[in-house]
Structure formats: C-alpha cells, structure tokens
Amino acid sequence: MGNGALHHEWCYVSGLVNVLECKLLNTIFFDRLLSSNVLGDMLINLNNTTLKTYFTHVKHLYEFETLLDDYYYTRLYEIRSLTPDSTVCDFFLIKNDILNLKNFVKLKACGTGVDKYSRETIDKNKYDDTWNDEAVSLPEVIKETVSLSKKSMTAVKKEELPFVIDLIIDGAYLKYIENIHKTIKVEIIKRYMMAYQFIKGFEVLRRAMALKLDINLLNKYFLMGFDQCHMLRKLFTDTVRTSEKTFREIIVETHCNASLQENEMLVRMISSNTSKNISFQYEVETDNYLLDMIRPVKYTPFGPERVFGYLCGLTTEVFNLKLVLGGKVHKIGNNLLKERLRKAYV
C-alpha cells in the first residue's frame, strides 16, 4: 500500500469517496441543528441530508443511536468492500473489537459489564475460545491480552480488577495501533496513527492519575507490552514532573516526520492538559488536532489517504450527530453541547 504504483487500484473507491465527501455535514448545519427548539424542526433539517431515509418520523429521533450506527456501518462496510486493502477501514472497527473485548473479559473476570457487542472485525466467539485456551486465529496481542487478564484475576485485589482490565486492554489497543502503523506505507496516515497513539496513551495516564491508581499497576499492566525506550514509557516516567520541554523532546523524537507546526500544536495541547482532573476539553482539542492533521488529504486525487481522511470525517460527523440529537432529546443546554462539538471535516 505505497505512494506509487498501487495508487491506481484506489481510483474507483477514491472517486466514490469524492462524491460522498460532498455530502458530509458542515459547521453551519450543526449550528442550525442546535438552534432547533422542537424535534420537528430537527427532523426537517435531517431530511435535507443523506440521513433522510433513516429519520422519517419524529419517533426516530428517540432511536438516534441505533439509526446512526446503521448509517455509519453501512457506509463503512461498503467502502471497506471496495478497497484494495481493508487496513485503512479496519482502523475504525478495531475500537469496537477492543470495546467488545473489554465487555467480554469483565463479564468473565468480574461478573460485571455489558453483554453487548458492537460491529467488529473479530468474531466474538473467538474470545471465548481463547479464554478456554483453545487454539484460534487471533492477533497475538489479543491472545496475550486475554491471557494476562486471566492471570490478573488472582494477582490483584478484587476492587482493582476492573481498572486493571481497562489498563491491560487499553495498552493492547495502543500496541495494536502500533502494529497497524508498521504496515502502512503512506506517510500522512503513519503520522496520524503515531499522534493518535501518543494522544490516547496520555489520556490513559491522565485518567489513572485522576483515579489515583497505584503507579505500579500502570507500569505492570498498561506499559508491559512496550519497549523500554517507547515514548509512552518516557511519558509515564515524566508525567508527575512533566514540563513543556519534556513533551517537546519526546514529540520531536517520535514525530520527526511531522511539520514543526504540528509538533508545536501537540506540545501546547499536551502541556496545557497535565492537570490531574479529567476534562472533556482534552478530548475535544485532540480530536480536532487529529482531524486537522488529516484534512489535507482532501486534495489528494486518489489513494488510501483519501479514503482514510473521509472515514475520519464520517466518524467525526456521526459523533457530532449523536451528541446533538442525544442532547436535544434529553433537553441538554446548547452551550454544553456546543463546547463538546468537534470540528467538521468539510
């Protein structure tokens, strides 16, 4: 999946994405949706979009989550079926694999969790086979995660187990992303995935600090899959006494192919969010940063980066729709919704 000869194989799906991209919803649409004071007005706004076939009656607004998932995954699987290499699409499904794995392991280990599975790349029955030590074809990092989760049941206190499982699986997720990063040949997607891993890793560290988790648990269960010189280990070592200088050194070293502007934006974001209090603002800022990073691929005629960029935009759009529709249905104030909205891709 390189920048040269194979790009012609992406012509058809890139053309489709070019058409679909024109139908993505912009900031003006979301402002209009936020200003709707009654559900009927929201339905009218939706009927002027590609979502009109999903929302044909006001009652459908109360089913927004299911309907938006149907819309998102129908589009994602359609594009996935047309790509020469599904890796750029699977990136958006792996999050579901990890969520499914968390639900499965917590049910097995703690007797708690949700017996609900999102659409995935990995058949959930394989998790059960792996848990029972049966041979099954799964990524090695997933097998190791299940094995470590089983061992942790007798190694940690019962009340710590749910948090430890989160640490194990969050670490596996970021390791999984790193493995994908190594198979990608397109530079801008590689930069995106490296920044994504760094941002999500720091998010885990912030959450652990806010919950006052034992740092030994963090080191043992979250970081164990990473090399001693890995950026997340360096970040963990310096988190307590971190400074902008420390962040800059780590980011420049690990994001050497990124532009100076990208690096400086990431440094400012990370260094301004070192508080031990969990805030939604970090997620808003970092999501916007990642979308801005990938946005230039809109000007690439065809190739995996064009498809990847569109899927980033579609994912953000569906997040914003769930936020606004859910907020309106549950009568949440516009200011609270607006400050949590992500930038639109178009």
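See above for the structure.
Keep in mind that this is a model prediction, so the values were computed, not measured.

**Things to note about the overall build of the protein**
Logical step 1: Helix and strand counts for the protein come out as 16 helices and zero strands.
Logical step 2: Every one of the 346 residues in the protein was classed for burial, and the buried ones make up 52%.
Logical step 3: Sequence-distant contacts, at least 24 apart, represent 66% of the contacts inside the protein between residues at least 6 apart.
Logical step 4: Total accessible area on the protein stands at roughly 16,400 Å², and carbon and sulfur atoms take up 53% of it.

**Overview of the nonpolar core**
Logical step 1: One finds Phe55, Tyr192 and Phe308 to be the most contacted residues of the largest nonpolar core, which totals 107 residues.
Logical step 2: Apart from the residues lying within four places of it in its own chain, the contact partners of Tyr192 are Phe91, Leu290, Met293, Ile294, Phe308 and Cys312.

**Things to note about empty space enclosed by the protein**
Logical step 1: In this structure the tally under the stated criterion is one cavity of 30 Å³ or more.
Logical step 2: Computed from the structure, the largest cavity encloses a volume of approximately 40 Å³.
Logical step 3: Lining the largest cavity, in full, are Leu24, Leu25, Phe30, Gly313, Thr316, Glu317, Asn320, Lys343, Ala344 and Tyr345.
Logical step 4: With four residues, the top contributor of residues to the lining of the largest cavity is helix H15 (residues 304–329).
Logical step 5: Split into classes, the residues belonging to the lining of the largest cavity amount to five nonpolar, three polar and two charged.

**A few points about the packing of helix H2 (residues 27–35) against H15**
Logical step 1: It is the contact of H2 with H15, at a shortest axis distance of 10 Å, that shows an interaxial angle of 10°. Put simply, H2 runs roughly parallel to H15. When H2 is examined against H15, the residues Phe29, Phe30, Leu33 and Leu34 are found in contact with a partner set consisting of Glu317, Asn320, Leu321, Val324, Leu325 and Lys328.
Logical step 2: Along the lines of polarity and charge, the residues of the contact of H2 with H15 split into seven nonpolar, one polar and two charged.

**Thoughts on the packing of helix H6 (residues 124–131) against helix H7 (residues 140–155)**
Logical step 1: Running from N to C, H6 and H7 point in directions that differ by 50°, and their axes come no closer than 10 Å. By the angle class used here, H6 and H7 are oblique. Note on packing geometry: the crossing formed by H6 with H7 is right-handed. Along the contact surface, H6 presents Tyr127, Thr130 and Trp131, while H7 presents Ile142, Lys143, Val146, Lys150 and Met153.
Logical step 2: Class assignment of the residues belonging to the contact of H6 with H7 gives a composition of five nonpolar, one polar and two charged.

**Re the environment of Thr50**
Logical step 1: By the element assignment, Thr50 lies in the loop between helix H3 (39–46) and helix H4 (64–82).
Logical step 2: Linking Thr50 and Leu25, residues 25 residues apart in sequence, is a C-alpha distance of 9.4 Å.
Logical step 3: Setting aside residues no more than four positions away along its own chain, Thr50 makes contact with Lys23 and Tyr71.

**Things to note about the pattern of salt bridges**
Logical step 1: Applying the stated criterion to the full structure yields 19 salt bridges.
Logical step 2: The partner of Arg342 in a salt bridge is Glu283, and the shortest N-O contact between them spans 3.9 Å. Placement of Arg342 in the segment after helix H16 (334–338) and of Glu283 in helix H14 (residues 280–294) is noted, with a sequence separation of 59 residues between them.

**Focus: the layout of surface pockets**
Logical step 1: Estimates place the volume of the largest pocket at around 1,700 Å³.
Logical step 2: For the lining of the largest pocket, the element with the highest residue contribution is helix H5 (residues 87–109), accounting for nine residues.
Logical step 3: When the residues that make up the lining of the largest pocket are grouped by side-chain class, the tally is 20 nonpolar, seven polar and 15 charged.
Logical step 4: Approximately 270 Å³ is the volume attributed to the second largest pocket.
Logical step 5: Elements that contribute at least two residues to the lining of the second largest pocket include exactly H7, helix H8 (161–183) and helix H10 (215–222).
Logical step 6: Per-class residue counts for the lining of the second largest pocket are eight nonpolar, five polar and two charged.

**Looking at the environment of Asn288**
Logical step 1: Its location among the elements puts Asn288 in helix H14.
Logical step 2: Taking the relative accessible area as the measure of exposure, Asn288 reaches 13% and is therefore buried.
Logical step 3: The spacing of Asn288 and Ala344 is 56 residues in sequence and 8.8 Å in space, taken between C-alpha atoms.

**Focus on the packing of aromatic side chains**
Logical step 1: Scanning the entire structure with this criterion turns up 16 aromatic pairs.
Logical step 2: When the centroid spacing of 5.0 Å and the interplanar angle of 75° are considered together, the rings of Tyr72 and Tyr73 count as edge-to-face. Per residue, the accessibility class of Tyr72 equals that of Tyr73, and both read buried.
Logical step 3: Measuring from centroid to centroid gives 6.4 Å for Tyr192 and Tyr196, while their planes differ by 15°, and the two rings are stacked. Of this pair, Tyr192 and Tyr196 both sit in helix H9 (residues 187–210), four residues apart, which is roughly one turn of the helix. Exposure class is identical for Tyr192 and Tyr196. Each is buried.
Logical step 4: For Lys150, the ring lying beneath its charged end belongs to Trp131, and the centroid distance is 5.6 Å.

What counts as what
Residues numbered from 1 in each chain as written. Predicted model: local features only at pLDDT ≥ 70, side-chain atom pairs only at ≥ 80, totals over all residues. Heavy atoms only, no water. Helix = DSSP H or I, 4+ residues; strand = E, 2+ residues; numbered from the N terminus. Buried < 20%, exposed > 50% of the residue type's maximum accessible area, 1.4 Å probe, protein only. Contact = heavy atoms within 4.5 Å. Areas by Shrake-Rupley, 256 points an atom, 1.4 Å probe, with all protein chains shown as cover. Core = buried A, V, L, I, M, F, W, Y, C linked by side-chain atoms within 4.5 Å. 1 Å grid on protein atoms, 1.4 Å probe; cavity = no way out; pocket = protein on both sides within 12 Å on 5 of 7 lines; lining within 4 Å. Points joined across faces, edges and corners; volume = space filled by probe spheres on them. Nonpolar A, V, L, I, M, F, W, Y, C, P; charged D, E, K, R; others polar. Axes fitted to C-alpha atoms, helices over the stretch in contact; angles between N-to-C directions. Parallel < 35°, antiparallel > 145°, perpendicular 65-115°, else oblique. Left-handed = near helix turned anticlockwise from the far one by under 90°. Salt bridge = Lys/Arg side-chain N within 4 Å of Asp/Glu carboxyl O. Phe/Tyr/Trp six-rings, centres within 6.5 Å; stacked < 30°, edge-to-face > 60°. Lys NZ or Arg CZ within 6 Å of the ring centre and 35° of its normal.

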